Every structure is written in structure tokens, then in C-alpha cells.
Amino acid sequence: MSTPRDALASLIGGAEPSSQVRRSISESWRRSADAGLVPRQFDVPYEDGAEEDSQLQRAARPVLERVADDLATAKVSVLMTDAKGHVRDRYVSDRSLRDRLDRIYLAPGFVYAEDQIGTNAIGTALAEGATSVVDGEEHFAEALVGMACAAAPIREPSSGQVLGVVDLTSFAEDASELMLPLARQAARQLESRLADAMPAIERRWAELTSTERNIADFVAQGFTNRQTADQLFMSRFTVDFHLRAIFRKLGINSRVDLARLVGERRMKTVRRN
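Each value, and the rule that gives it
Within each chain, residues carry numbers counting from 1 in the order of the written sequence. Given that this is a predicted model, residues contribute local features only at a pLDDT of at least 70 and side-chain atom pairs are listed and counted only at 80 or more, while totals for whole chains, interfaces and linings are drawn from all residues. Excluding hydrogens and water, the side-chain values take into account all heavy atoms of the structure. Strands are runs of DSSP state E lasting at least two residues, helices are runs of H or I lasting at least four, and both sets are numbered from the N terminus onward. Buried, partly exposed and exposed residues are distinguished by accessible area as a fraction of the type maximum, computed with a 1.4 Å probe on protein chains only: under 20%, between the cut-offs, and over 50%, respectively. Whenever a nitrogen or oxygen atom comes within 3.5 Å of another N or O atom, the pair is scored as a polar contact, on the condition that within protein one atom can donate a hydrogen and the other can accept it, and that pairs from neighbouring residues in sequence are kept only if both atoms are in side chains. It only takes one pair of heavy atoms within 4.5 Å for two residues to be counted as in contact. Whenever Lys or Arg places a side-chain nitrogen within 4 Å of a carboxyl oxygen from Asp or Glu, that contact is recorded as a salt bridge.

All right, on to the side chain of Glu138 then. Structurally, Glu138 can be placed in the loop between β3 (132–135) and β4 (147–155). For Glu138, a relative accessible area of 14% translates into the label buried. Here the side chain of Glu138 touches Asp135 through a polar contact of 2.9 Å, landing on its backbone nitrogen. Sequence-distant contacts of Glu138, defined by excluding residues within four places in its chain, comprise Arg22, Ile25, Trp29, Thr119 and Val133.

The following block contains the structure:
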């Protein structure tokens, strides 16, 4: 009977992905192989300064501690990374699991990006911008085969940009279907804390839908409602409706005010980068 490791070896050898392997896993395997990785090698990068305190860590700490307390009697670790896969925080009460995590370098400062160590819930969630579960032999690296992990992205409330992930990791034999819901719930709670800490105008921006943000960008550039409608393949009346909603949500009354706010946000983004 074929195993996931057989399917991985076949895929690396040029075969089509096995129908027995989840598509998200086979696609991640392909990306990992394309990055030049091989399953028997396992080199986890370390990034100086990755353990430094940050706004994300400060917002996350109460959430992660609460989840860790709830899991205190379980062989499950709670981790958070930034958008590059740097492990920022780790909570683990079981000594045997802590020792294993240390041996596979799943610890603060180390980088678990997919293109560095292959398929794993942290790196794959970041690569896809979506939740990820990787169980046992689904990992790309042989060193991770004995583990199971579930990760959920953390998104910046106003822009939707992925800031990192919340990850739950256990031994493969201790894995639970509840790991992903718990990781997802923690990520949502963290996002709520980030939103509460935002200035009032940023909270208002976070209330805009993706369509409204697109319309705001075009209007701020000087496009008329009709020109904006042509760009976004919708009717002018739809643009009119959304623009009124944008003004109401942002507490402004004119296109000039909207252009000013959009310009200020762009300048802040440039300074952060």
C-alpha cells in the first residue's frame, strides 16, 4: 500500500501528484521541491533579533497564554510567528514535547518558512494565506514526520495583510481535530485586540469591504464615478452606492477628504516599509 512518503518520492521524481494526497499538501510539496529542498536535509535558519518584543507579540501574549492554560494538561504547544515564519513566542508545558521541539528547532528565533524547511503548517499557511493542517508523513522534511501541526493566519485588521500565524503543534500520535479550530479562534481574538488598539480612523478603515477599498483608491486618484465603474466592471450606480457607504463609515463628506485620508495611509505604509 502506498504511503504519503512514497507519494512524495514519486512527485519529486517527476510523477503526477497522487490522488490519495490532499491537494494543498501536494502543491506545497511541489513548491518545496522547486525551492531546491530535499526531504532528508533539514536546516532551519535562525534570524538574529526575531525574539525581540513587538506590537504583535504584546497583543498576542494574553491570547496565547489563555490558550496555553487551557491546554496545560495536553501534549500540545502554542506558537506564534511573524509574516516571515520567524517563531516569536512558544508555550509548551509537556517536557517530552518541549524537548522534541528543541531538537527540530521549533523555538523562538528560528524560521519555519515553507521555502526554507518545506511543507509544515506554519510555512504553508503563510505561503497560501490560509489555514493549514499538516499531519505526520505529510511534512516534506523527514525530521518532521513525527509531528502534527495546525496554523491560522493573523491578519492586520485594516488592510487584511498577513502578519503571522498562530500554530498548535503536537506529536503526530497526539494530534486532534480541535487543533485547527483553536488556532483559528486564537488568531481571530488576536486580530480583535489589534483592532481595539488601532486609532479610530484605522478602525473605520477596517470596516470597509474590499470593494469599497478599491473604489476609494480610484476616487482618491481623481477618477470620476463613471471611470471608477469602468475600471471595476460595475455600474456607476453601484459606485455611487458604495461611495456613500465609504463616506458614512469614514465620517467624511467629500472626495477631497477621501483623497487626503488615502494619501496619509499610503505615506504611513511607505514609512513602515
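Additional details are given in the paragraphs that follow.
Here we come to the pattern of salt bridges. One pass over the structure, following the stated rule, counts twelve salt bridges. Put simply, Glu138 and Arg22 hold a salt bridge, and the shortest N to O gap is 2.7 Å. Of this pair, Glu138 sits in the loop between β3 and β4 while Arg22 sits in the loop between α1 (4–12) and α2 (23–34); the two residues are 116 residues apart in sequence, bridging distant segments of the chain. Given the relative accessible area of 37%, Arg22 is considered partly exposed. In this structure, Arg188 engages Glu191 in a salt bridge whose closest nitrogen and oxygen atoms are separated by 2.8 Å. Note that Arg188 and Glu191 are positioned in helix α7 (residues 179–196) at a spacing of three residues, about one turn of the helix. Classification of Arg188 as partly exposed rests on a relative accessible area of 36%. By relative accessible area, Glu191 is classed as buried at 15%. Through salt bridges that share partners, Arg31, Glu114 and Glu128 make up one connected network.

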